[in-house]
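# Survey of secondary and tertiary structure
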Amino acid sequence: FHALDGYFYSIPLSELKKYHVILAYKMNGKRLKIRDYGPLFVVYPRDQYRKELNVPTTEGKFVWQVFRMVVR
């Protein structure tokens, strides 16, 4: 997942399946704008996996302002 600011993060397929990671384009029914983390935002379900995902290393997995996704 590549962000507008040059940041990128590779998510293993096993992690996508395990946590059901979301690629959000709306929040509260409204399309995400660049100033609101859009156009796309990678979101992990931290509330559902508190012990595993509520750790400092998870922050880097949340990618906002996603404009490109490469699947290999």
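My aim in this report is to walk through the structure given alongside it, one point at a time. (Residues numbered from 1 in each chain as written. Predicted model: local features only at pLDDT ≥ 70, side-chain atom pairs only at ≥ 80, totals over all residues. Heavy atoms only, no water.)

### A look at the environment of Thr58
What counts here: Each helix corresponds to a stretch of at least 4 residues labelled H or I by DSSP, and each strand to a stretch of at least 2 residues labelled E; elements are numbered beginning at the N terminus. Whether two residues are in contact is decided by their heavy atoms, any of which lying within 4.5 Å being enough. Polar contacts here mean pairs of N or O atoms no more than 3.5 Å apart (in protein, one a potential hydrogen donor and the other a potential acceptor; neighbouring residues in sequence count only if both atoms are side-chain atoms).
Looking at the element boundaries, Thr58 is found in the loop between α2 (50-53) and β6 (64-68). For the pair Thr58 and Tyr7, spaced 51 residues apart in sequence, the C-alpha to C-alpha distance is 15 Å. With near-sequence residues (within four places) excluded, Thr58 lies in contact with Arg46, Glu52 and Leu53. Within the structure, the side chain of Thr58 is placed 2.8 Å from the backbone oxygen of Leu53, a separation counted as a polar contact.

### Some remarks on the pattern of salt bridges
The condition is simple: Salt-bridge detection follows one rule: a side-chain nitrogen of Lys or Arg within 4 Å of a carboxyl oxygen of Asp or Glu.
Counted by the stated rule, this structure contains three salt bridges. Here Lys18 makes a salt bridge to Glu52, at a shortest N to O gap of 3.0 Å. Separated by 34 residues along the polypeptide, Lys18 in helix α1 (residues 13-19) and Glu52 in helix α2 bring together distant segments of the chain. The partner of Arg46 in a salt bridge is Glu59, with the nearest N and O atoms 2.4 Å apart. Of this pair, Arg46 sits in the loop between β5 (40-43) and α2 while Glu59 sits in the loop between α2 and β6, and the two are 13 residues apart along the sequence.

### Topic: the sheet that holds β5
The line we're drawing: Two strands form a pair only when DSSP identifies at least two bridges running between them.
Pairing in this open sheet of four strands is antiparallel, and the strands run β1-β6-β5-β2 from one edge to the other. Strands with a single pairing partner mark the edges of an open sheet, and in this sheet they are β1 (2-3) and β2 (22-24). As paired strands, β1 and β6 are joined by two bridges and run antiparallel to one another. Note that in β6 the partner of His2 across the bridge is Arg68.

The quantities given are spatial measurements derived from coordinates; they are silent on function.
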